[in-house]
Amino acid sequence: MTHVAIADQPEEEEHHPTSFIAKYIWSQDHKVIAIQYTIVAMFVGLVALVLSGFMRLQLGFPDTFSFINPNTYLQFMTMHGMIMVIYLLTALLLGGFGNYLIPLMVGTRDMVFPYLNMLSFWMYFLSVLVLLASFFVPGGPTGAGWTLYPPQAILQGTPGADWGIVFMIASLAIFIIAFTMGGLNYVTTILQARTHGMTLMRMPLTLWGIFTASLMGLLAFPALLVSAIMLGLDLLAGTSFFMPALVSLGEQLDHTGGSPLLFQHLFWFFGHPEVYIVALPAFGMVSDVLSTHARKNIFGYRMMVWAIVIIAGLSFIVWAHHMYVSGMNLNFGFFFATTTLIIAVPTALKVYNWVLTLWRGNIHLNTPMLFAIGFIFTFTHGGLSGLFLGNVIVDVPLADTYFVVAHFHMVMGVSTVMVLFAAIYHWYPLVTGRMLHEGMGKIHFWLTFLGTYAVFLPMHYLGFLGVPRRYFSMGDTAFMPESAQTLNASISVFAIIVMVIQVIFLVNLVWSLKNGPRAPRNPWGATSLEWQTPVMPPAHGNWGHALPRVHRWAYDYSVPGAAEDFIPQNVPQEGSGRPDDGGQEEVKA
Amino acid sequence: MSFLDKLTEKSWEPAGAVAAATAAAGPASRHAAQKTALGIFLVIISVVFLLFFLTFITHSQYPGFEALAGEPWMPFSNTSQLWLNTLFLGLSSAALHAALVGARRGMANFTILAMVAAVFFAIQFVLAQLWLWRDLTAMGYGLAENPANSYFYLLTAVHGLHLLGGLVVLFRATLLLWQGQGLERIQASLSLCATYWHYLLGLWLVLFALMASSPETYQTIAALCGLEG
């Protein structure tokens, strides 16, 4: 049997789509699918943002708004968390950026399984529809908290225990199927479709982040699937996987012999890697943005790659640090505290390398760079508070307080969103052919950066006071001073401001589509392959008639003696700056 | 070129051995990509079942758990029907392997016969599993009666769904061959199906062994995993 390499297949077989539907709706082009993913993810993200606004209204100004009662508060909180972590961040980073960048960065025409890729998006779309539908079923969406802990998640008394939870479980299962289709594509494309000369260690760190995160997702989402299936059976078929014998509303239930703790182990075996599924692509993208806009090669490239891989491996053996107060075996705490603190080593190494990349760099303080530097601040802060919570003895008093809320929003919310903004400002010219408005971008950055600090920094203090998270109303408690409420009100005011500020970003995105200055080819002077396509934005098939050949790593910035301060990856080693012409000789040599 | 060489390449230096090798190789064939994807997919299924098995073993140490085998009156103390089902799946797997060998040797008629046999036995297996469910329920071992029963229905259902998914692919390949597509075109598809089938057979054997074990075996496994109650 003769094998025809994906790259060498004749161009006729690609059949360029012509009709509107084939081009933009049922599209198999990775770039269109990426944009579809991005738009849907940003839309649900906005929904989740509004939900958090409702929560802040209640916390800052209790009992002022009649549509927020204890039930709806819990529902807003649950949906906010679930949407942000899974339907926004995971989908946008891997489905959006992963889809757009992987084939371009490895130098291929599309994902290896384009049809599966299309299915992946439509399954994701379906999962979002099911999720949003739960707002309109009797009883509303589930209010069990984004962790969906049984038994309370499926017991009467929890908001949405009739329909909301069923829709949530169904939506998660569909999402996992969608992610598996996408993830298989991302990993296989990176492993098998890299162009000539693109070794693993010549890949930009963005690819390493996306690749590792996709692999982790493929191994971690099964845990969520398994727990969702068993939770669903407990709810619908009356089994007792997680449900112990218990009395609810004065009645003995039929369940017997299940273990709620087992669910927590399964959930966090997914939940902790999930943190890094979101963080690793962000780590990768921020490395490339920093390096490009500082005109310097990334400091310690190999170390950066290994750190990503080591973090990925370790993240599978730290899950129970989310469960120190769950009543599990106390000896586990020591083990998981140790592994948790070990993760700080490769992570700190990455932070040092980002800072060292900036050191003596030719820093261009444009909007993507500002967001990337902002990320270094927020991530360091979030990481440091993680060191507190990783220790059992410190975690026990701080568990379920606002300190935890501040920690994970800083490290996983704000930091990742900073990178997402940096990435959108950085790659928007590639996708649309237009530059975003710098003035609006800078206002957006400063107000977002300072605003999020004003929101989350005081929360650490509230946590030390012992203010509990997830509470609809604090009531009269002796340990909380009057000032805690004042602080809560100020947090809410800043949160609303930061929320409203995002309108500037959305306006910028839409306005620049038509009115932004036309982007020159490779506007940032970047070295990686996605900027080296024959036309920009890249056309269907990406590379015209011949695939690019790679001759160097992705970080040849400010090379001494070179004509320009960057040398693209497809320029031959002895090259004179003519891309893509000397490859054949070098292969023979 | 070992994997370690690839991960320790000093890519910032002018092209070394790794870069030269990759420059010559370039992107892989479509079949190679499919094989990689299938391999990863099998790892994912293994993780799903490993997690199921771990929770099962944990459950087996809780009070009130009644294993399906062990005492003479328990349903799986007599494993004859489980063995019959195993035979169906084994025959299906063997037929698919024969089809693959046939396709490699260019024997079109034999290949199509073997493929039809593989589909037939796979469907037999699914039907026999459903029969087993019916028997168990009739004997009073319903889905929600005991966690051990719940696990049996759940695991066989998830296993069966994976088999049905594979059947769709195999059925499509059979149809293509029937419509006169060349053997070369479906050979790649067949080899992937065969790998998947053998894997599902192996998985079924593990499942079988686990479900038909006695409480003492569970206790030993739990002790080995550090999961004693």
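Residues numbered from 1 in each chain as written. Chains lettered and ligands numbered in written order. Predicted model: local features only at pLDDT ≥ 70, side-chain atom pairs only at ≥ 80, totals over all residues. Heavy atoms only, no water.

**Remarks on the overall build of chain A**
Argument step 1. If you tally the helices and strands in chain A, you get 15 helices and two strands.
Argument step 2. Taking 2.2 N^0.38 as the reference for a compact globule, 589 residues should give roughly 25 Å; the C-alpha atoms of chain A span a radius of gyration of 25 Å, in line with that estimate.
Argument step 3. Once the C-alpha set of chain A is aligned to its principal axes, its extents read approximately 80 × 55 × 50 Å.
Argument step 4. For chain A, the proportion of its 589 residues judged to be buried stands at 62%.
Argument step 5. Within chain A, counting contacts between residues at least 6 apart in sequence, those at least 24 apart form 78% of the total.
Argument step 6. Approximately 22200 Å² of chain A is accessible, and the part contributed by carbon and sulfur atoms is 69%. (Helix = DSSP H or I, 4+ residues; strand = E, 2+ residues; numbered from the N terminus. Rg over C-alpha atoms; globule rule 2.2 N^0.38 Å. Buried < 20%, exposed > 50% of the residue type's maximum accessible area, 1.4 Å probe, protein only. Contact = heavy atoms within 4.5 Å. Areas by Shrake-Rupley, 256 points an atom, 1.4 Å probe, with all protein chains shown as cover.)

**Digging into the overall build of chain B**
Argument step 1. Across its full length, chain B holds eight helices and zero strands.
Argument step 2. Moving toward the C terminus, one meets the helices and strands of chain B in the order α-α-α-α-α-α-α-α.
Argument step 3. The C-alpha radius of gyration of chain B comes to 22 Å, more than 25% above the 17 Å expected for a compact globule of 229 residues.
Argument step 4. Seen along its three principal axes, the alpha-carbon backbone of chain B occupies a region of about 65 × 50 × 20 Å.
Argument step 5. Expressed as a percentage of its 229 residues, the buried residues of chain B come to 50%.
Argument step 6. Contacts in chain B between residues at least 24 apart in sequence constitute 77% of all its contacts with a sequence separation of at least 6.
Argument step 7. Entry remark: accessible area of chain B is about 10900 Å², with carbon and sulfur atoms responsible for 66%.
Argument step 8. Mean positive and mean negative side-chain charge positions of chain B (9 and 10 charges, respectively) differ by 22 Å. (Lys, Arg positive; Asp, Glu negative; His and termini not counted. Charge placed at Lys NZ, Arg CZ, Asp CG, Glu CD.)

**Some thoughts on the pattern of salt bridges**
All names here are of chain A.
Argument step 1. All told, the structure shown has six salt bridges over all chains when counted by the stated rule.
Argument step 2. Across the pair Arg-295 and Asp-565 runs a salt bridge, and its minimum N-O distance is 2.9 Å. Placement of the pair is Arg-295 in the loop between helix H7 (260-293) and helix H8 (301-314) and Asp-565 in the loop between helix H14 (482-515) and helix H15 (583-588), with a sequence separation of 270 residues.
Argument step 3. Notably, a salt bridge pairs Glu-438 with Lys-442, separated by 3.6 Å at the nearest N-O pair. (Salt bridge = Lys/Arg side-chain N within 4 Å of Asp/Glu carboxyl O.)

**As for the interface of chain B and chain A**
Argument step 1. Each partner contributes to the interface: chain B provides 48 residues, whereas chain A provides 54 residues.
Argument step 2. Summed over both partners, the interface of chain B with chain A comes to about 4300 Å²; 74% of that surface belongs to carbon and sulfur atoms.
Argument step 3. For the pair chain B and chain A, the number of links is zero salt bridges.
Argument step 4. Our count for the chain B to chain A interface comes out at nine residue pairs in polar contact (both at pLDDT 80 or more).
Argument step 5. When residues of the side of chain B that touches chain A are traced back to their parent elements, those giving at least two are helix H1 (3-7), helix H2 (17-25), helix H3 (30-60), helix H6 (147-178) and helix H7 (183-211) of chain B.
Argument step 6. No other element matches H3(B), which puts 18 residues into the side of chain B that touches chain A. (Buried area = accessible area lost by both parts, 1.4 Å probe. Polar contact = N/O pair within 3.5 Å; in protein donor to acceptor, adjacent residues only side chain to side chain.)

**Details of the side chain of Thr239(A)**
Argument step 1. By the element assignment, Thr239(A) lies in the loop between helix H6 (205-236) and strand E1 (247-248).
Argument step 2. Discounting chain neighbours no more than four positions away, the residues touching Thr239(A) are Met230(A), Leu233(A), Asp234(A), His255(A), Leu143(B), Ala144(B) and Ser150(B).

**Overview of the domain arrangement of chain A**
Residue and element names in this part refer to chain A.
Argument step 1. When the domains of chain A are assigned, the result is domain 1 (23-198) and domain 2 (520-589).
Argument step 2. Once you take the C-alpha centre of each, domain 1 and domain 2 turn out to be 36 Å apart.
Argument step 3. Roughly 1300 Å² is buried in total at the junction of domain 1 and domain 2, and carbon and sulfur atoms are behind 53% of that figure.
Argument step 4. On the domain 1 side of the interface with domain 2, the three residues burying the most area are Leu-104, Arg-109 and His-196, jointly 44% of the side's total. (Domains from an automatic or database assignment.)

**Topic: the nonpolar core**
Residues and elements named next belong to chain A.
Argument step 1. If you look at the biggest cluster of nonpolar residues, it comprises 261 residues, and the most contacted ones within it are Tyr-87, Tyr-124, Trp-208 and Trp-354.
Argument step 2. Here this core takes 23 residues from helix H3 (residues 70-106), the largest share from any one element.
Argument step 3. Each of domain 1 (23-198) and domain 2 (520-589) contributes no fewer than three residues to this core. (Core = buried A, V, L, I, M, F, W, Y, C linked by side-chain atoms within 4.5 Å.)

**Some thoughts on the packing of aromatic side chains**
Argument step 1. Using the criterion set out here, one finds 69 aromatic pairs over all chains in the structure.
Argument step 2. Look at Phe263(A) and Phe267(A): their rings are 6.0 Å apart centre to centre, the planes differ by 20°, and that puts the pair in the stacked class. In this pair, Phe263(A) and Phe267(A) are both assigned in helix H7, four residues apart and thus about one turn of the helix distant. Both residues of the pair, Phe263(A) and Phe267(A), count as buried.
Argument step 3. The ring of Trp131(B) is capped by Arg134(B), whose NZ or CZ atom sits 4.4 Å from the centre of that ring. (Phe/Tyr/Trp six-rings, centres within 6.5 Å; stacked < 30°, edge-to-face > 60°. Lys NZ or Arg CZ within 6 Å of the ring centre and 35° of its normal.)

**Some points on the confidence of the model for chain A**
Interpretation of the predicted coordinates at a detailed level should be avoided for regions scoring low in pLDDT.
Argument step 1. Here chain A shows a mean pLDDT of 92. Residues at 70 or above account for 95%.
Argument step 2. Note that pLDDT drops below 50 for residues 7-13 of chain A; the model gives that stretch eight contacts with residues more than four away or on any other chain. (pLDDT = per-residue confidence, 0-100.)

**Topic: the packing of H6(A) against H3(B)**
Argument step 1. Close contact between H6(A) and H3(B) brings their axes to 9 Å; oriented N to C, the two are set at 45°. With respect to H3(B), the axis of H6(A) lies oblique. The way H6(A) lies across H3(B) gives a crossing that is right-handed. The segment H6(A) lies against H3(B), with Leu218(A), Leu219(A), Pro222(A), Ala223(A), Val226(A), Ile229(A) and Met230(A) engaging Ile40(B), Val43(B), Ile44(B), Val47(B), Val48(B), Leu51(B), Phe52(B) and Thr55(B).
Argument step 2. Broken down by class, the residue content of the contact of H6(A) with H3(B) amounts to 14 nonpolar, one polar and no charged. (Axes fitted to C-alpha atoms, helices over the stretch in contact; angles between N-to-C directions. Parallel < 35°, antiparallel > 145°, perpendicular 65-115°, else oblique. Left-handed = near helix turned anticlockwise from the far one by under 90°. Nonpolar A, V, L, I, M, F, W, Y, C, P; charged D, E, K, R; others polar.)

**Points about the packing of H3(A) against H6(A)**
Residue and element names in this part refer to chain A.
Argument step 1. Between H3 and H6, whose axes approach to 10 Å, the crossing angle comes to 135°. By the angle class used here, H3 and H6 are oblique. Relative to H6, H3 is oriented so that their crossing is left-handed. The segment H3 lies against H6, with Ile-86, Thr-90, Leu-94, Phe-97, Gly-98, Leu-101, Ile-102, Met-105 and Val-106 engaging Thr-206, Leu-207, Ile-210, Ala-213, Ser-214, Phe-221 and Leu-224.
Argument step 2. Grouping the constituent residues of the contact of H3 with H6 by class yields twelve nonpolar, four polar and no charged.

**Quick notes on the environment of Arg521(A)**
All names here are of chain A.
Argument step 1. Tracing the backbone through its elements, the reader meets Arg-521 in the loop between H14 and H15.
Argument step 2. Classification of Arg-521 by relative accessible area gives exposed; the value is 51%.
Argument step 3. Spatially, the C-alpha atom of Arg-521 lies 36 Å from that of Val-128, the residues being 393 residues apart in sequence.
Argument step 4. When sequence neighbours within four positions are dropped, the list of residues in contact with Arg-521 reads Gln-532, Thr-533, Pro-534 and Met-536.
Argument step 5. A distance of 2.7 Å separates a polar atom in the side chain of Arg-521 from the backbone oxygen of Thr-533.

**Concerning the environment of Leu143(B)**
Argument step 1. Note on placement: Leu143(B) falls in the loop between helix H5 (108-138) and H6.
Argument step 2. Classification of Leu143(B) by relative accessible area gives partly exposed; the value is 29%.
Argument step 3. Along the chain, Leu143(B) and Gly106(B) lie 37 residues apart, while their C-alpha atoms are 48 Å from each other.
Argument step 4. The contact partners of Leu143(B), leaving out residues within four places of it in the chain, are Ala237(A), Thr239(A), Asn149(B), Ser150(B) and Tyr153(B).

**Digging into helix H10 (residues 367-390) of chain A**
Argument step 1. Its 24 residues place the ends of H10(A) 34 Å apart at the C-alpha level, agreeing with the 34 Å of an ideal helix rising 1.5 Å per residue.
Argument step 2. Within H10(A), 17 of the 24 residues are buried, which leaves it mostly tucked inside the rest of the structure. (Expected span 1.5 Å × (residues − 1).)

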